[in-house]
Each structure stands twice: as structure tokens, then as C-alpha cells.
Amino acid sequence: AEYRILLTIGEFTFGSWKRYTDFLELWQFLNHPESKKFGMFGKSRISWRALKRNQHWKRCLEMKYLSKKCIRLQKFLHNFLADLTTPAPL
């Protein structure tokens, strides 16, 4: 499955389609020892754990599951943006 990411800044809206593996790469960046050492991205880590806790062990394309997964990915990205102290990771 792919997820559409929309970002609105003022009157401009940017959109992109992302796969789960793109979110996984972002998680791996957040899980880098440097960011752990300073306690960065705490809310993002909690959101990712919630996502993984509810993940099926095999591929699931049921609408109910994908809808919940989409909401959890949205929460993860929201918390990632909230945890940022500088725009450098973007």
C-alpha cells in the first residue's frame, strides 16, 4: 500500500506518495544513537511503537486495518514534526 502525504504551508500544498518502507527509513534515522543520546524524538518513538504493536505479521489489505495504519502513520509524522527543533532532518 502507498500513503499520500500532504503538507500545507500557507497557501501552498505539497503532495507525495510514500510506501511503508519510506516511513521505516525515517524511523531508522530517528533510532540513530545520536538522537537517542539527547532524548530527541520522544513522541515520535512512542507513535512508532504503537504502530508496530498493531502491525500484522503478514501483509493485510483489509480496509479497516489500512485505515488504522494510516491514522497511526499520520500520528507518527505529526509527532516527528512536533519533535523537530531545527529543519535539518527534513
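The rules we used
- Residues numbered from 1 in each chain as written.
- Predicted model: local features only at pLDDT ≥ 70, side-chain atom pairs only at ≥ 80, totals over all residues.
- Heavy atoms only, no water.
- Core = buried A, V, L, I, M, F, W, Y, C linked by side-chain atoms within 4.5 Å.
- Buried < 20%, exposed > 50% of the residue type's maximum accessible area, 1.4 Å probe, protein only.
- Helix = DSSP H or I, 4+ residues; strand = E, 2+ residues; numbered from the N terminus.
- 1 Å grid on protein atoms, 1.4 Å probe; cavity = no way out; pocket = protein on both sides within 12 Å on 5 of 7 lines; lining within 4 Å.
- Points joined across faces, edges and corners; volume = space filled by probe spheres on them.
- Nonpolar A, V, L, I, M, F, W, Y, C, P; charged D, E, K, R; others polar.

S.K.: Any chance you could explain the nonpolar core here in plain terms?
M.R.: Soluble globular proteins tend to pack their nonpolar side chains together in the buried interior. Core analysis: the largest hydrophobic core is formed by 16 residues, its most contacted members being F23, L30, W48, F76 and F80. Put simply, the parts of the chain that give this core at least two residues each are α1 (20-30), α3 (42-53) and α4 (63-83).

S.K.: Sorry, what's going on with the layout of surface pockets here?
M.R.: Empty space among the atoms becomes visible once a probe the size of a water molecule is rolled across them. Counted as a void, the largest pocket has a volume near 720 Å³. As for the largest pocket, its lining consists of 22 residues, of which I5, L7, F23, L77 and L81 are closest to the centre. Among the elements that take part in the lining of the largest pocket, α4 stands out by supplying seven residues, more than any other. Taken together, the residues that form the lining of the largest pocket break down as 14 nonpolar, five polar and three charged. Taken as a whole, the second largest pocket spans an internal volume of roughly 270 Å³. Lining the second largest pocket are 15 residues, with A1, Y20, R59, C60 and K69 sitting closest to its centre. Elements that contribute at least two residues to the lining of the second largest pocket include exactly α1 and α4. Tallied by class, residues from the lining of the second largest pocket come to eight nonpolar, three polar and four charged.

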